[in-house]
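Okay, here's what each chain looks like letter by letter:
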Amino acid sequence: MVDARGLSCPLPVIKTQNEIKKNNPDTLEVLVDNQTAVGNVTRFANNNGYDVAVKELEDDEYSLVLTKR
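What you see is a predicted model, and the numbers here were worked out from it, not measured in a lab.

Novice: Residue-level account of helix α2 (residues 35-47), with values.
Specialist: Spacing of three or four residues puts side chains on the same side of an α-helix, whose turn is 3.6 residues. For α2, spanning 13 residues, the distance from its first C-alpha to its last is 18 Å, which sits close to the expected 18 Å at 1.5 Å a residue. Listed as buried for α2 are Ala37, Val38, Val41, Thr42, Phe44 and Ala45. An end-on view of α2 places all buried positions within 165° of arc, on one side of the element. Pointing more than 90 degrees away from the buried face of α2 are the exposed residues Gln35, Thr36 and Asn47. On its buried side, α2 packs onto α1 (11-23), β2 (27-32), β3 (50-56) and β4 (62-68). One side-chain oxygen of the residue at the start of α2 lies 3.3 Å from the amide nitrogen of Thr36, identifying that residue as Asn34. In the segment just after α2, Gly49 is the residue with positive phi, at about 85°.

Novice: Talk me through the pairing of β3; I want residue IDs and the actual numbers.
Specialist: On a regular strand, each side chain points to the face opposite its neighbour's, so the side chains alternate between the two faces of the sheet. The pairing of β3 with β4 spans seven bridges and is antiparallel. Its bridge partner lying in β4, Val52 is registered against Leu66.

Rules used throughout
- Residues numbered from 1 in each chain as written.
- Predicted model: local features only at pLDDT ≥ 70, side-chain atom pairs only at ≥ 80, totals over all residues.
- Heavy atoms only, no water.
- Helix = DSSP H or I, 4+ residues; strand = E, 2+ residues; numbered from the N terminus.
- Expected span 1.5 Å × (residues − 1).
- Buried < 20%, exposed > 50% of the residue type's maximum accessible area, 1.4 Å probe, protein only.
- Arc of directions from axis to C-beta.
- Contact = heavy atoms within 4.5 Å.
- Polar contact = N/O pair within 3.5 Å; in protein donor to acceptor, adjacent residues only side chain to side chain.
- Pairing = 2+ DSSP bridges.

This is how it looks when you write it as structure tokens:
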């Protein structure tokens, strides 16, 4: 899991990218707390072979579940 809450872009994307490079997971959960990060991480994931399911949590937090295609 990547916890990128409290980070501004591009840090959520960089943390996600590093985790994918390091572990090449089939699924990965990314936690963010702003819409910009949701869009940027989703775009990055889609461009790198992952589908993304976004779930809105409490207090403007989001869980993005990346699943390898």
